[in-house]
Amino acid sequence: MSDADKKIELITQGLQEVLNLPIVKNVVEVENRPLKIYWGTAPTGRPHCGYWVPMTKLAHFLQAGCHVKVLLADLHAFLDNMKAPLELVNYRAKYYERIVKAMLTSIGVPIDKLEFVVGSSYQLSEKYTMDIFKMSSIVSMNDAKRAGAEVVKQVESPLLSGLIYPLMQALDEAHLDVDAQFGGVDQRKIFTLAEEFLPSIGYKKRAHLMNPMVPGLTQGGKMSSSDPNSKIDLLDDAKAVKKKIASAFCAPGVVEGNGLLSFAEYVLFPISRIATTTGPDGSVVLTDKPARFEIKRPEQYGGDVVYGSIEELKEAYAAEKLSPQDLKQGITDALNALLEPIRTEFNNDPSFQELAKQAYPPPVSVKKEKKKEKVLGSKYLEAMEAKKKREAEKAANEVAEKVEGVEIKE
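Values in this document were obtained by computation on a predicted structure and should not be read as measured data.

## Observations concerning the overall build of the protein
(1) Moving on: When you go through the protein residue by residue, the secondary structure sums to 16 helices and ten strands.
(2) Moving on: When contacts within the protein are restricted to residue pairs at least 6 apart in sequence, those whose partners lie at least 24 apart make up 73%.
(3) Moving on: Just so you have it, the protein exposes about 22,400 Å², and 53% of that area is on carbon and sulfur atoms.

This is the structure in structure tokens:
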């Protein structure tokens, strides 16, 4: 296998779909230069363990010698039905950058070749604004709505911002000057919108690399920042991680839709293969080592077991040679090992802690004021007394009228 083939294999490893693969091959094989690729994330809710999935691919891209840009899409965060208030977006963008760096560093990925770009640093320029106008003149409202259907939060009465969002994401790959954009398969419609309309305003087509949507660790389905029950926070302590995984749905022998097995497949096994060495110029270079996933068990239950591939793990689980409890224990141990360096960095760095507070301030509890007793004025009292007197006189008259109308029999 040639060096170019190895790079292409790394770039596409574990992806569900690739659009315009020839673009990738042309850059790597013919132009013989680093593939320029970007991954964007909107800094809204707290990053959770689902972010390990794209992090493993960023590691692959860097290992393949790609020039990787991480877009901290601050304006997208604001446009997505105001998930992030504008006054907090700046802090959240900084927090996301800090977390991404901590995640990659914790698994030995050198971050000196990563480039972080804040969206508003170029999205407020005259040229970008003009391109938005150009796109809005050729993209129909239905096209824009359909493109963002799986990415932008859907509400009963959608805002216009939800239609601008996919146009901006399409333009980002042109303004960031990359060869390819990487994201989840849920963004496929935005990617196809970019391919269809960007050439109409003078930009070339890019390649699009798509990760599968990995089920949530605890509930299955997509892991989401807005659903606390579906996610494990990157700063959750070891006990919280163990508790959440212990309560996860994990049917014996069922492989399909099993979030724990998916996490092992797309995160734990790829990360276990990451190794580093020193290059000719003294820089840290990513290399491979054999995959490994270990589950520790007491001797009376068969002792520790090691799996060298996801196929082995799935086969053992499907045959019920591996119980849900043992799988949960293995995932818990492996995940806590990944999170421990991040927790340690956070706990030992006051600036990191302060940034977290600024990005996600605790909710302010509003105390209800006690109702003030009504102070009755003299005029109010006189009016009430007069009313009572009128009501008493009316009642007395009604009684008198009834008595007069009664016929008395001897």
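Read on for the rest.
## Looking at helix α15 (residues 350–359)
(1) Moving on: When α15 is considered as a whole, its buried residues turn out to be F352, L355, A356 and A359. Projection of α15 onto a plane perpendicular to its axis shows the buried side chains occupying an angular sector of 100°, all on one side. Opposite the packed face of α15, turned more than 90 degrees from it, sit the exposed residues P350 and K357.
(2) Moving on: Here the buried face of α15 lies against α5 (86–106) and α14 (324–347).

## Some details on the nonpolar core
(1) Moving on: Judged by nonpolar contacts, the single largest core of 80 residues is most densely connected at W52, Y95, L313, L327 and L335.
(2) Moving on: Setting aside residues no more than four positions away along its own chain, L327 makes contact with C250, N258, L260, L261, F293, I295, L313, Y317 and L322.
(3) Moving on: Counting 34 residues, the second-largest nonpolar core is a separate cluster that includes L79, V89, Y122 and L198.

## Details of the packing of aromatic side chains
(1) Moving on: One pass over the full model with this rule turns up eight aromatic pairs.
(2) Moving on: Pairing F61 with F182 gives two aromatic rings, centres 5.2 Å apart and planes at 85°, and the pair type is edge-to-face. A residue pair is termed long-range when its members are at least 10 positions apart, and F61 in helix α3 (residues 52–63) and F182 in strand β5 (residues 180–184) qualify at 121 residues.
(3) Moving on: A ring pair is formed by F346 and F352, whose centres lie 5.1 Å apart and whose planes are at 75°; its orientation type is edge-to-face.

## With respect to the pairing of strand β3 (residues 67–72)
(1) Moving on: With five of its six residues buried, β3 lies for the most part within the structure.
(2) Moving on: In the sheet, strand β2 (residues 36–41) pairs with β3 via six bridges, with the strands oriented parallel. When the bridges of β3 are listed, K36 appears paired with H67.
(3) Moving on: At this point the chain moves from β2, through α3, to the parallel β3, and the crossover so formed is right-handed.
(4) Moving on: The pairing of β3 with strand β4 (residues 114–118) spans five bridges and is parallel. Each bridged residue has a counterpart across the sheet, and for L72 the counterpart in β4 is V118.

## Let's talk about the environment of L15
(1) Moving on: Within the secondary structure, L15 sits in the loop between α1 (3–12) and β1 (17–19).
(2) Moving on: A residue is classified by how much of its surface remains accessible, and L15, at 15% relative accessible area, is buried.
(3) Moving on: Placed 251 residues apart in sequence, L15 and Y266 show a C-alpha to C-alpha distance of 9.6 Å.
(4) Moving on: Once you skip the residues sitting within four places of it in the chain, L15 turns out to touch K57, F182, L209, M210, N211 and P212.

## Overview of the pattern of salt bridges
(1) Moving on: Counting across every chain of the model gives 18 salt bridges.
(2) Moving on: Here D179 makes a salt bridge to R33, at a shortest N to O gap of 2.9 Å. Placement of the pair is D179 in the loop between α9 (161–175) and β5 and R33 in the loop between α2 (21–31) and β2, with a sequence separation of 146 residues.
(3) Moving on: Note on D179: relative accessible area 4%, which makes it buried.
(4) Moving on: What makes R33 partly exposed here is its relative accessible area of 28%.
(5) Moving on: Linking D304 and K296 is a salt bridge whose minimum nitrogen-to-oxygen distance equals 4.0 Å.
(6) Moving on: You can call D304 partly exposed: its relative accessible area is 43%.

## Thoughts on the packing of α9 against helix α10 (residues 188–197)
(1) Moving on: Where α9 contacts α10, the two axes come as close as 9 Å, and the packing angle between them is 60°. One way to sum up the angle between α9 and α10 is to call them oblique. The handedness of the crossing between α9 and α10 comes out as right-handed. Here α9 contributes P166, L167, Q169, A170 and E173 to the contact with α10, which in turn contributes I190, F191, L193 and A194.

## Remarks on the environment of P290
(1) Moving on: Following the sequence through the fold, P290 ends up in the loop between β8 (284–288) and β9 (293–295).
(2) Moving on: Accessibility expressed as a relative area gives 69% for P290, which makes it exposed.
(3) Moving on: Remark: the alpha-carbon pair of P290 and A275, spanning 15 residues in sequence, is separated by 9.6 Å.
(4) Moving on: Those residues in contact with P290 that lie beyond four places of it in its chain are S272 and R273.

## What to know about the sheet that holds β1
(1) Moving on: Taken together, the six strands give an open sheet; going across it, the order is β1-β6-β5-β2-β3-β4, and neighbouring strands pair in mixed fashion. At either end of the open sheet lies a strand with only one pairing partner, and these are β1 and β4. Geometrically, the sheet is characterised by an average inter-axis angle of 25° between neighbouring strands, direction not taken into account.

## Details of the packing of α1 against α3
Any two packed helices are characterised by the angle at which their axes cross and by the distance between the axes.
(1) Moving on: One can describe the packing of α1 onto α3 by two numbers: an axis separation of 8 Å at closest approach and a directional angle of 165°. It follows that α1 is roughly antiparallel to α3 by the angle criterion. Viewed along their axes, α1 and α3 form a crossing whose handedness is left-handed. On α3, the residues that touch L10, I11 and T12 of α1 are K57, H60, F61 and Q63.
(2) Moving on: Counted by class, the contact of α1 with α3 contains three nonpolar, three polar and one charged residues.

Rules used throughout
Residues numbered from 1 in each chain as written. Predicted model: local features only at pLDDT ≥ 70, side-chain atom pairs only at ≥ 80, totals over all residues. Heavy atoms only, no water. Helix = DSSP H or I, 4+ residues; strand = E, 2+ residues; numbered from the N terminus. Contact = heavy atoms within 4.5 Å. Areas by Shrake-Rupley, 256 points an atom, 1.4 Å probe, with all protein chains shown as cover. Buried < 20%, exposed > 50% of the residue type's maximum accessible area, 1.4 Å probe, protein only. Arc of directions from axis to C-beta. Core = buried A, V, L, I, M, F, W, Y, C linked by side-chain atoms within 4.5 Å. Phe/Tyr/Trp six-rings, centres within 6.5 Å; stacked < 30°, edge-to-face > 60°. Pairing = 2+ DSSP bridges. Right-handed = clockwise from strand over helix to strand, strands pointing away. Salt bridge = Lys/Arg side-chain N within 4 Å of Asp/Glu carboxyl O. Axes fitted to C-alpha atoms, helices over the stretch in contact; angles between N-to-C directions. Parallel < 35°, antiparallel > 145°, perpendicular 65-115°, else oblique. Left-handed = near helix turned anticlockwise from the far one by under 90°. Nonpolar A, V, L, I, M, F, W, Y, C, P; charged D, E, K, R; others polar.

So far we have only geometry, and geometry alone does not tell us how the molecule works.
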